[in-house]
Amino acid sequence: MPINIPDRLPATQVLTGENIFVMGEERAMAQNIRPLKVLLLNLMPKKIETEIQILRMLSNTPLQVDVDLLRIDNRPSKNTPEAHLNAFYRTFEEVEQQNYDGMIITGAPLGLVEWNDVVFWDRMKTIIDWANQHVTSTMYLCWAAHAALYTLYGIDRKIRKEKYSGVFAHQVLFQNHPLMRGFDDVFWVPHSRYAEINAEEVEAKTSLQILAASPETGVHLVASNDGRQLFVTGHPEYDPDTLHNEYIRDCDAGLAPVLPENYYRDDNPNNEPLVRWRSHGNLLFANWLNYFVYQTTPYDLSQLNPVALASKLS
Ligand SMILES: CC(C)(COP(=O)(O)OP(=O)(O)OC[C@H]1O[C@@H](n2cnc3c(N)ncnc32)[C@H](O)[C@@H]1OP(=O)(O)O)[C@@H](O)C(=O)NCCC(=O)NCCSC(=O)CCC(=O)O
Ligand SMILES: N[C@@H](CCO)C(=O)O
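Residues numbered from 1 in each chain as written. Chains lettered and ligands numbered in written order. Predicted model: local features only at pLDDT ≥ 70, side-chain atom pairs only at ≥ 80, totals over all residues. Heavy atoms only, no water.

Novice: Run through the overall build of the protein chain, naming residues and quoting values.
Specialist: Along the protein chain, the regular secondary structure elements total eleven helices and twelve strands. For 314 residues, the compact-globule formula gives about 20 Å, and the C-alpha radius of gyration of the protein chain, at 19 Å, lands near that figure. Taking the principal axes of the C-alpha coordinates as reference, the protein chain spans close to 50 × 45 × 40 Å. For the protein chain, restricting intrachain contacts to residue pairs at least 6 apart in sequence, the fraction spanning at least 24 positions comes to 72%. Accessible surface computed for the protein chain: about 14000 Å², of which carbon and sulfur atoms make up 49%. (Helix = DSSP H or I, 4+ residues; strand = E, 2+ residues; numbered from the N terminus. Rg over C-alpha atoms; globule rule 2.2 N^0.38 Å. Contact = heavy atoms within 4.5 Å. Areas by Shrake-Rupley, 256 points an atom, 1.4 Å probe, with all protein chains shown as cover.)

Next comes the structure, spelled out in structure tokens:
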């Protein structure tokens, strides 16, 4: 079923062209069911590209989903026109008094930036704590997963000398977990990060559940027992060419990046990538929206009670 987004958002035209059912504002008003409210905090440099990726993933559901876009602060973006942000993004001040059924916080190219050197670090910690009180379930992607694991559980990332870049095989470690419903024993995910999380530290310090990991790139999916937090260290939402564009960007920046692994056909960067992650990317977002959001969120969002939610799912 549809995502309900502004008719003029670039994603509306792109996703409609892909025959993905995007419900316009008028049609959405005619439906007599409560849509899910999802907040997307977009920290990625190519924000419009990321909007399209995440909205495509959220559209693969029978539920009606109203998506609000959130900017981290009022600084102008280096890579996204201010007019776009002003037209489609809310500020935190505009949403902080509201509750949401779901929230997604994207990655950011800040793996080599110390936490306290991230310009918006204080605001990021504020929003992570706010989500715990105002959102039924939050999905943290890549850099946001590292930031939230550090903020909420004191699990600090380890920074590698070489970036994980490529598409890697993962194993399901928690077979009957609802989030893993329909997953194959082995599934593929893009990764593009310097930071990694230590599985032993997660297991020793927290009651978090490691749901899936890769022999090459380690921890990928970590969930709180109550389903209110999902930490995703990979990029299941990535387009076919996202890793390629990052690789070319880093080559042009003189960073001599490694060739993305298991990505280009015959490992030749002149060839198209072989996409082996799309199905499980869609499945992850659909399972999250179904089991962590829709089946646990209160009908009356004003009654969102973090304590009651925690008991409901754990
Ligand atoms: C990643 C790139 C190549 C991006 O270069 P660009 O020319 O696009 O712009 P940039 O200004 O360098 O940064 C891109 C976005 O990050 C924001 N940005 C930059 N420095 C920041 C800081 N200290 N605090 C907060 N935001 C910051 C910019 O405002 C911009 O977002 P707005 O457009 O919104 O303003 C660069 O930062 C770089 O070369 N970094 C070193 C290599 C690297 O770290 N690559 C990414 C690794 S992958 C990664 O970091 C994932 C996480 C992980 O590894 O753990
Ligand atoms: N991996 C991305 C940042 C988000 O993970 C990049 O290289 O820009």
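Novice: With reference to specific residues and values, describe a negative patch on the surface.
Specialist: Side chains of Glu162, Glu216, Glu261, Asp266 and Asp267 sit close together on the surface and give a patch of like negative charge. Mapping Glu162 onto the fold places it in strand β8 (residues 158-172). (Patch = residues over 30% accessible without salt bridge, like charges linked within 9 Å, V, L, I, M, F, W, Y side chains within 5 Å. Salt bridge = Lys/Arg side-chain N within 4 Å of Asp/Glu carboxyl O. Lys, Arg positive; Asp, Glu negative; His and termini not counted. Charge placed at Lys NZ, Arg CZ, Asp CG, Glu CD.)

Novice: So what about the site of ligand 1? Which residues, and what values?
Specialist: The local shell around ligand 1 holds 26 residues, among which Lys47, Lys78, Asn79, Gly111 and Tyr194 are the closest. Taking Lys47, its side chain carries an N or O atom lying 2.7 Å from an oxygen atom of ligand 1. One nitrogen or oxygen atom from the main chain of Asp117 is found 3.1 Å from a nitrogen atom belonging to ligand 1. Those elements that provide at least two residues to the shell around ligand 1 are α7 (143-153), β9 (186-196) and α9 (242-252). The element that contributes the greatest number of residues to the shell around ligand 1 is β9, accounting for four residues. In terms of residue class, the shell around ligand 1 is made up of 14 nonpolar, five polar and seven charged. (Near = heavy atom within 4 Å. Polar contact = N/O pair within 3.5 Å; in protein donor to acceptor, adjacent residues only side chain to side chain. Nonpolar A, V, L, I, M, F, W, Y, C, P; charged D, E, K, R; others polar.)

Novice: Go over the packing of aromatic side chains, please, and point to the residues and values.
Specialist: A complete count under the given rule lists 15 aromatic pairs for this structure. Both rings, one in Tyr140 and one in Phe231, keep their centres 5.4 Å apart while their planes meet at 10°; by these two values the pair is stacked. Pair noted here: Tyr140 is in strand β7 (residues 135-141) and Phe231 is in strand β12 (residues 229-232), with a separation of 91 residues, a long-range link. This pair shows no difference in class: Tyr140 is buried, exactly as Phe231 is. Ring geometry for Tyr164 and Phe168: centres 6.4 Å apart, planes at 65°, overall edge-to-face. Assessed through its relative accessible area of 1%, Phe168 is described here as buried. Taken together, Trp115, Phe120, Trp121, Trp143 and Tyr150 form an aromatic cluster joined through their ring pairs. Positioned above the aromatic ring of Tyr100, the side-chain terminus of Lys37 is 4.4 Å from the ring centre. Taking NZ or CZ as reference, Arg276 lies 3.8 Å from the ring centre of Trp188, over its face. (Phe/Tyr/Trp six-rings, centres within 6.5 Å; stacked < 30°, edge-to-face > 60°. Buried < 20%, exposed > 50% of the residue type's maximum accessible area, 1.4 Å probe, protein only. Lys NZ or Arg CZ within 6 Å of the ring centre and 35° of its normal.)

Novice: Quick one: what's the story with the site of ligand 2, residue by residue and with numbers?
Specialist: Looking at ligand 2, the residues that line it are Met44, Ala108, Pro109, Cys142, Lys163, Ser192, His235, Tyr238, Glu246 and Arg249. Residue Arg249 places a side-chain N or O atom 2.8 Å away from an oxygen atom belonging to ligand 2. For the shell around ligand 2, the class distribution of residues is five nonpolar, two polar and three charged.

Novice: Summarise the environment of Ile210; cite the residues concerned and give the values.
Specialist: Among the structural elements, Ile210 can be located in strand β10 (residues 209-214). Separated by 37 residues in the primary sequence, Ile210 and Leu173 have C-alpha atoms spaced 7.0 Å apart. Ile210 has contacts with Leu173, Ala199, Val202, Glu203, Val219, Leu221 and Val222, leaving out every residue within four places of it along the chain.

Novice: Can you lay out the UniProt feature "active site" (unreviewed entry) in the protein chain for me, pointing to particular residues and giving the numbers?
Specialist: The UniProt record annotates "active site" (unreviewed entry) at Cys142, His235 and Glu237. Across 96 residues, the annotated set stays spatially compact, with a maximum C-alpha separation of 11.1 Å. Positionally, Cys142 belongs in the loop between β7 and α7. If near-sequence neighbours (up to four positions away) are discounted, Cys142 is found in contact with Gly107, Ser192, Arg193, Val232, Thr233, Gly234 and His235. You can see His235 is positioned in the loop between β12 and α9. (UniProt positions renumbered as here; feature names shortened; annotations may be inferred.)

Novice: Explain the pairing of strand β4 (residues 65-70) to me, and be specific about the residues and the numbers.
Specialist: As a general feature of sheets, a regular strand has side chains that alternate between the two faces. The buried fraction of β4 amounts to five of the six residues, a majority that puts the element mostly inside the structure. As paired elements, strand β1 (residues 3-4) and β4 share two bridges and run parallel to each other. Bridging across to β4, Asn4 finds its partner in Asp66. Crossover handedness for the path strand β3 (residues 36-41) to helix α3 (residues 47-58) to β4: right-handed. Examined bridge by bridge, β4 and strand β5 (residues 89-90) share two bridges and lie parallel to one another. Pairing of Leu70 across the sheet is with Arg90, part of β5. (Pairing = 2+ DSSP bridges. Right-handed = clockwise from strand over helix to strand, strands pointing away.)

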